[in-house]
Amino acid sequence: MEGGAYGAGKAGGAFDPHTLVRQPHTILRVVSWVFSIVVFGSIVNEGYLNSNSGGEKFCIYNRNPSACSYGVTVGVLAFLTCLLYLALDVYFPQISSVKDRKKAVLSDIGVSAFWAFLWFVGFCFLANQWQVSKPKDNPMNEGTDAARAAITFSFFSIFTWAGQAVLAFQRYQIGADSALFSQDYMDPSQDSSMPYAPYVEPSTGPDPAGLGGTYQQPANAFDTEPQGYQSQGY
């Protein structure tokens, strides 16, 4: 049940590609991987324009090289991160240690949330620089579709990475709530803090009333009231 707590499949089990591709977090990773390719590919291929003077190329986003560099850097690193965690998804069912599985899921939460933040910053940065770009810098409107595509898929990437963080958190909660199957589970009968059950004396003979040997005091055991005066004859 450790596998059910922190991922699909049994701990130490074999890799099952059919199970892997049906997992929501794996699907989001693949989608995020594709989005990252679109972002950095669009900027690398059409994000740099030739200047009118024939000099060096400049960034399509308001001639700000930091905007293009940020988009390419975040896109490439997100691409590599997706590959890393896809490999972790493949290897995850073979992890037999509960602690290692917890660490993997916790890292998934942190990394996914961090990348959602980076994509949010990237979207705001690129959108702002695109908005203030001067038409005279690009009179032929070269690369405008690629620039808009990078901005659009940066926006979509915020939600795909945030979705991965949410799914990872849900996986962690499922594992944390499965105390019955964790290594720290203690049988209640072995717990010294449990109150003792009342003692019942075992019966040594037939017990037709089903009292289990429970002691019952006779009704007249301590009846000291006289039952009436009887005179004696002399």
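As a convention, each chain's residues are numbered from 1 in the sequence order in which they are written. It should be noted that, the model being predicted, local features are given only for residues of pLDDT at least 70 and side-chain atom pairs only at 80 or more, the latter also being counted only at that level, while totals for whole chains, interfaces and linings use all residues. Note that the side-chain values use all heavy atoms of the structure and ignore hydrogens as well as water.

Colleague: Can you help me understand the nonpolar core in this one?
Modeller: Nonpolar side chains in soluble globular proteins generally cluster together in the buried interior. Ile43, Tyr61, Trp115, Trp119, Leu126 and Trp161 are the most contacted members of the largest nonpolar core, which has 23 residues in total. Strands here mean DSSP runs of E at least two residues long; helices mean DSSP runs of H or I at least four residues long; both are numbered from the N terminus. Listed by contribution, the elements that provide at least two residues to this core are helix H3 (24–46), strand E2 (57–59), helix H4 (65–91), helix H5 (98–131) and helix H6 (144–177). Sorting elements by how many residues they give to this core places H4 first, with six residues. The contact rule is simple, with two residues in contact once any of their heavy atoms fall within 4.5 Å. In contact with Leu126, other than residues within four places in its own chain, are Ile43, Tyr61, Ala67, Ile151 and Ser154. For this analysis, a nonpolar core means a set of buried residues of the types Ala, Val, Leu, Ile, Met, Phe, Trp, Tyr and Cys, connected via side-chain atoms within 4.5 Å. Think of it in three bands: residues with accessible area under 20% of the maximum for their type are buried, residues over 50% are exposed, and the middle band is partly exposed, with areas taken using a 1.4 Å probe on protein chains only.

Colleague: Help me understand unusual backbone geometry, please; the structure alone is not making it clear to me.
Modeller: For residues that are not glycine, phi is negative in most cases, and the peptide bond is trans in most cases. One non-glycine residue, Arg63, lies in the positive phi region at around 55 degrees. Mapped onto the elements, Arg63 comes out in the loop between E2 and H4.

Colleague: Sorry if this is basic, but what is going on with the environment of Thr160 here?
Modeller: Mapped onto the fold, Thr160 is located in helix H6. Among residues more than four places away in sequence, those in contact with Thr160 are Leu28, Val31, Ser32 and Phe35.

Colleague: What is the right way to read H5 from this model?
Modeller: In an α-helix, one turn spans 3.6 residues, which is why side chains three or four residues apart end up on the same side. Between its first and last C-alpha atoms H5 spans 49 Å; for 34 residues at 1.5 Å apiece the expected length is 50 Å, and the two agree. For H5, the N-terminal capping position is held by Ser97, with its side-chain oxygen 3.4 Å away from the main-chain nitrogen of Lys99. Working rule for helices: expected span equals 1.5 Å times residues minus one. N or O atoms within 3.5 Å of each other form a polar contact, as long as, within protein, one can give a hydrogen and the other can take it, and as long as residues adjacent in sequence are counted only when both atoms are side-chain atoms.

Colleague: How should I be thinking about the packing of aromatic side chains in this particular structure?
Modeller: The geometry of an aromatic ring pair comes down to the distance between the two centres and the angle between the two planes. Think of it this way: a Phe, Tyr or Trp ring, Trp meaning its six-membered ring, pairs with another when their centres are within 6.5 Å, and the plane angle makes it stacked under 30 degrees, edge-to-face over 60, tilted otherwise. In this structure the tally under the stated criterion is 12 aromatic pairs. Judged by centre distance (6.2 Å) and plane angle (80 degrees), the rings of Tyr70 and Phe125 are edge-to-face. Of the two residues, Tyr70 sits in helix H4 while Phe125 sits in helix H5, which places them 55 residues apart along the sequence. With relative accessibility at 23%, the residue Tyr70 sits in the partly exposed group. Both rings, one in Phe114 and one in Trp115, keep their centres 6.3 Å apart while their planes meet at 70 degrees; by these two values the pair is edge-to-face. With a relative accessible area of 7%, Trp115 lands in the buried category. The rings of Phe35, Phe123, Phe153, Phe155, Phe156 and Phe159 are connected pair by pair, giving a single aromatic cluster. Sitting above the plane of the Phe58 ring, Arg63 keeps its charged end 3.8 Å from the centroid. Lysine and arginine charges are scored as sitting over a ring when NZ or CZ, respectively, is within 6 Å of the ring centre and within 35 degrees of the ring normal. We note Arg171 situated over the ring of Phe92; from NZ or CZ to the ring centre the distance is 5.1 Å.

Colleague: Quick question: what am I supposed to make of the packing of H4 against H5 here?
Modeller: Axis definition: a line fit to C-alpha positions, over the contact stretch in the case of helices; interaxial angles, taken between N-to-C directions, run 0 to 180 degrees. Where H4 contacts H5, the two axes come as close as 10 Å, and the packing angle between them is 160 degrees. Classified by the interaxial angle, the pair formed by H4 and H5 is roughly antiparallel. Crossing angle aside, the handedness with which H4 passes H5 is left-handed. Packed against H4, whose contacting residues are Ser66, Ala67, Tyr70, Val74, Gly75, Leu77, Ala78, Thr81, Tyr85 and Leu88, the element H5 presents Ala104, Ser107, Asp108, Val111, Trp115, Leu118, Trp119, Val121, Gly122, Phe125, Leu126 and Gln129 at the interface. For classification purposes, an angle smaller than 35 degrees is called roughly parallel, one larger than 145 roughly antiparallel, one from 65 to 115 roughly perpendicular, and anything else oblique. It is the rotation of the near helix from the far one that decides the hand of a crossing: anticlockwise by less than a right angle makes it left-handed, clockwise makes it right-handed.

Colleague: Is there a simple way to explain the pattern of salt bridges in this structure?
Modeller: Between side chains of opposite charge, a pair can form as their charged atoms come close. When a carboxyl oxygen of Asp or Glu lies within 4 Å of a side-chain nitrogen of Lys or Arg, that pair is called a salt bridge. Going through the model one piece at a time under the given rule, you end up with five salt bridges. Its salt-bridge partner being Arg171, residue Asp108 comes within 3.7 Å of it at the nearest N-O pair. Of this pair, Asp108 sits in helix H5 while Arg171 is found in helix H6, placing the two residues 63 residues apart along the sequence. In this structure, Asp145 and Arg148 form a salt bridge, with 3.8 Å as the shortest nitrogen-oxygen distance. Of this pair, Asp145 and Arg148 both sit in helix H6, three residues apart, roughly one helical turn. With a relative accessible area of 60%, Asp145 lands in the exposed category. Classification of Arg148 as partly exposed rests on a relative accessible area of 43%. The network of salt bridges with common partners includes Arg29, Asp89, Asp108 and Arg171.

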